[in-house]
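Here is how the chains run, residue by residue.
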Amino acid sequence: MTSEPAFDALAFRRTMGHLATGVTLITTRTAERVHGMTANAVTSVSLDPPLILICLDRRSRMVRYVEELGRFGVNLLDEQQAPVSRYFARSWHSPQPPAHRFEEWAGVPFLVGSLGALSCRTTQVIEGGDHLVVMARVAGIRVDNPTGTPLIYYRGTYATLAERVPGPAEYPELLTPSHFQVYYREWEPEDEARQGPGPCVPGPSW
């Protein structure tokens, strides 16, 4: 019996680093102070009901706060907030913290200057190896800067979006709505037999 080779955790981390993600600041408040933690493992789960999930290192203090308090904020960071992100990720090397300010909003601390935020209520905590997956219902939404530039994390470092230079369309015929159709419902096998042939969508000949 051939044993499987040892899993390369570093290679796994580097590979996943090629998946560009936004950067957020998870916030909550105890009686003493505001607590924050930089996180990029955040994703939407459901629209009805509105659910998101975040992944927290089980060794972090934020795990205890989220479980005990049952609420937290997800602040969507602007590119100008990279110093704040580093500070709450414990990679800030100056003795003085970067300038930042919180204000109360929808029961959670909002990081002023963020692109927007979600106010969340914990619904479920799931075991996920060395992390815990926290499922939460979204109770409040705000967008403060709809035209701002998000802070991005890619291949182990911070990055920002670059504006794409406009150019000619690869297929100019697709610029007119009459040349394509958009479907919002997943195709089902029985649809074709029940409804007959669908519309013909013109396209290039190969």
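Not measured: the values here are computed from a predicted model. (Residues numbered from 1 in each chain as written. Predicted model: local features only at pLDDT ≥ 70, side-chain atom pairs only at ≥ 80, totals over all residues. Heavy atoms only, no water.)

Chemist: Can you help me understand the nonpolar core in this one?
Modeler: Side chains of nonpolar character tend, in soluble globular proteins, to be buried together. Among the nonpolar cores identified, the biggest contains 18 residues, and Ile26, Ile52, Leu56, Phe72 and Cys120 are the most heavily contacted of them. For this core, the secondary-structure elements that each account for two or more residues are β3 (34–39), β5 (50–57), α2 (61–69), β6 (71–76), β9 (116–128) and β10 (131–143). Not counting chain neighbours up to four residues away, the residues in contact with isoleucine 26 comprise His35, Gly36, Met37, Ala39, Val42, Ile54, Met62, Phe72, Gly73 and Val74. Among the nonpolar cores identified, the runner-up in size contains ten residues, and Val23, Leu25, Leu77 and Ala82 belong to it. (Core = buried A, V, L, I, M, F, W, Y, C linked by side-chain atoms within 4.5 Å. Buried < 20%, exposed > 50% of the residue type's maximum accessible area, 1.4 Å probe, protein only. Helix = DSSP H or I, 4+ residues; strand = E, 2+ residues; numbered from the N terminus. Contact = heavy atoms within 4.5 Å.)

Chemist: What is the right way to read the packing of aromatic side chains from this model?
Modeler: By convention here, two paired aromatic rings are described through the distance between centres and the angle between planes. All chains considered together, the criterion is met by five aromatic pairs. Ring geometry for phenylalanine 88 versus phenylalanine 102: centroids 6.1 Å apart, planes at 75°, classification edge-to-face. Of the two residues, phenylalanine 88 sits in helix α3 (residues 82–88) while phenylalanine 102 sits in strand β7 (residues 102–105), which places them 14 residues apart along the sequence. The residues phenylalanine 88 and phenylalanine 102 share a single accessibility class, namely buried. Grouped by ring-pair contacts, the aromatic residues Tyr87, Phe88 and Phe102 constitute a single cluster. Between arginine 142 and the ring centre of tryptophan 105, over which it is positioned, the NZ or CZ distance is 5.3 Å. Over the ring of phenylalanine 110 we find arginine 142, and its NZ or CZ is 3.6 Å from the ring centre. (Phe/Tyr/Trp six-rings, centres within 6.5 Å; stacked < 30°, edge-to-face > 60°. Lys NZ or Arg CZ within 6 Å of the ring centre and 35° of its normal.)

Chemist: I would appreciate a short explanation of the sheet that holds strand β11 (residues 151–154) in the present structure.
Modeler: Two modes of strand pairing occur in sheets, parallel and antiparallel, and in both the strands are linked by backbone hydrogen bonds. A sheet is described by the order of its strands in space; here three strands give the open sequence β1-β11-β12, paired in antiparallel fashion. Unpaired on one side and paired on the other, β1 (21–22) and β12 (157–160) mark the two borders of the sheet. Across four bridges, the pairing between β11 and β12 is antiparallel. Within β12, the position partnered with leucine 151 by the bridge is threonine 160. (Pairing = 2+ DSSP bridges.)

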